[in-house]
Amino acid sequence: MEVIPVRFVPRGFGETQRRDTWWWEPAIVFTVFASFIIYATWAAFQNAHYEYGPYLSPFYAPVLWGDSAHAWFGPKPEWWPALVPFSPALLILPFPGLFRFTCYYYRGAYYKAFWADPVSCSVGEPRGTSYWGERWFPLVLQNVHRYFAYVAVIFLFLLSYDVWLALWFPVAGGGTEFGIGVGTVVLAVNVVLLSSYTLGCHSIRHLVGGRKDEISTSGVREACYNCSSALNGKHMLFAWMSLFSVALSDVYVRLCSMGYLTDVRIL
């Protein structure tokens, strides 16, 4: 059988013979992801309006140090550099942020949207025929994703505990009473979506069963693997839904704290 060689067709940046709107998806990814990064950075440096009643913004959870009733170890530590603005979010936000930034799905999304490598199939790239890949610095650092995935699982437990705290509202004269507010639901939905995104991660799927040759020999391991695989099938959907939910949770708590919204008690 005759083998016909594939001839490389050089194209300038953005040059293509495609007639569809190939640029639409990269443009949306760039706009949404950049907007989230800008907002999350702004919110992290505010050091204000991140709690309201029993609610705590997921951008600041857990509060290790800070002027908050949720703080684990008290106010700002003395060792914090005087020239660096202090915010409890700066101590914890990099960990879930780097888990998302090194995510296998997001790599493919922002490589196209931000680095144009490749911008899209059959569309000219800005770097000619070179392919950087993930074998060289700095992209080789993406391989630490599995370790950030393990840390992200810990954050799921911490955020779940915050949902539990969001069920207990302060009452006049001291003490708390059980209740469910709109904020409780917002924080709970956020944990569900974050869990669906995190537990469907390829690294978690490999951890619970993918590294075994005969997964069927363990019923528990097989069940965990199947559950993770089911979530993994909608990894892109949960990646975006959880991105919106974590931002929405911070916005809701912030607006309630600033007095622009009134939290409604459902129960």
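Because the structure is predicted, anything quoted here is derived from the model rather than measured.

A.B. asks: An account of helix 1 (residues 24–46) is requested, with residue identities and associated values reported.
C.D. replies: Its 23 residues give helix 1 an end-to-end C-alpha distance of 33 Å, which sits within 8% of 33 Å, the value for a rise of 1.5 Å per residue. For helix 1, the complete set of buried residues consists of Pro26, Val29, Phe33, Ala34, Phe36, Ala40, Ala43 and Ala44. Packed against the buried residues of helix 1 are helix 2 (89–92), helix 4 (104–115) and helix 9 (235–257). Where helix 1 ends, the next residue or the one after it, Asn47, has phi of about 55°, a positive value.

A.B. asks: Describe empty space enclosed by the protein, with residues and values.
C.D. replies: Applying the stated criterion to the full structure yields one cavity of 30 Å³ or more. Counted as a void, the largest cavity has a volume near 50 Å³. Together, Leu56, Pro58, Leu159, Asp162, Val163, Leu187, Asn190 and Val191 line the largest cavity. Only helix 5 (145–165) and helix 6 (182–199) provide two or more residues apiece to the lining of the largest cavity. Each residue belonging to the lining of the largest cavity can be placed in one class, and the counts come to six nonpolar, one polar and one charged.

A.B. asks: Explain the layout of surface pockets to me, using residue names and the numbers behind them.
C.D. replies: Reported here for the largest pocket is a volume of approximately 610 Å³. Together, 29 residues line the largest pocket, and Phe36, Leu93, Pro96, Gly97 and Leu98 are the ones closest to its centre.

A.B. asks: Residue-level account of a nonpolar patch on the surface, with values.
C.D. replies: Residues Tyr161, Trp164, Trp168, Phe178, Val185, Val189, Ile266 and Leu267 make up a contiguous nonpolar surface patch of about 810 Å² in total accessible area. If you list the elements that add at least two residues to the nonpolar patch, you get helix 5 and helix 6. A residue is classified by how much of its surface remains accessible, and Trp164, at 46% relative accessible area, is partly exposed.

A.B. asks: Break down the environment of Asp117 for me, citing the residues and quoting the values.
C.D. replies: Note on placement: Asp117 falls in the loop between helix 4 and helix 5. When its relative accessible area of 7% is taken as the criterion, Asp117 is described as buried. On a C-alpha basis, the gap between Asp117 and Gly210 in space is 29 Å, while along the polypeptide they are 93 residues apart.

A.B. asks: Quick rundown of the pattern of salt bridges? Include the residues and the values.
C.D. replies: Taken as a whole and assessed by the stated rule, the structure comprises two salt bridges. Where Glu177 meets Arg265, a salt bridge forms, and the shortest distance between an N and an O atom there is 3.5 Å. In this pair, Glu177 is assigned in strand 4 (residues 176–178) and Arg265 in the segment after helix 9, connecting sequence segments 88 residues apart. On the basis of relative accessibility, which here comes to 37%, the residue Glu177 falls in the partly exposed class. Across the pair Arg254 and Asp250 runs a salt bridge whose closest N-O atoms are separated by 3.3 Å. Here Arg254 and its partner Asp250 are both found in helix 9, four residues apart, which amounts to about one turn of the helix. Owing to a relative accessible area of 0%, Asp250 belongs among the buried residues under this scheme.

Scoring rules and cut-offs
Residues numbered from 1 in each chain as written. Predicted model: local features only at pLDDT ≥ 70, side-chain atom pairs only at ≥ 80, totals over all residues. Heavy atoms only, no water. Helix = DSSP H or I, 4+ residues; strand = E, 2+ residues; numbered from the N terminus. Expected span 1.5 Å × (residues − 1). Buried < 20%, exposed > 50% of the residue type's maximum accessible area, 1.4 Å probe, protein only. Contact = heavy atoms within 4.5 Å. 1 Å grid on protein atoms, 1.4 Å probe; cavity = no way out; pocket = protein on both sides within 12 Å on 5 of 7 lines; lining within 4 Å. Points joined across faces, edges and corners; volume = space filled by probe spheres on them. Nonpolar A, V, L, I, M, F, W, Y, C, P; charged D, E, K, R; others polar. Patch = residues over 30% accessible without salt bridge, like charges linked within 9 Å, V, L, I, M, F, W, Y side chains within 5 Å. Areas by Shrake-Rupley, 256 points an atom, 1.4 Å probe, with all protein chains shown as cover. Salt bridge = Lys/Arg side-chain N within 4 Å of Asp/Glu carboxyl O.

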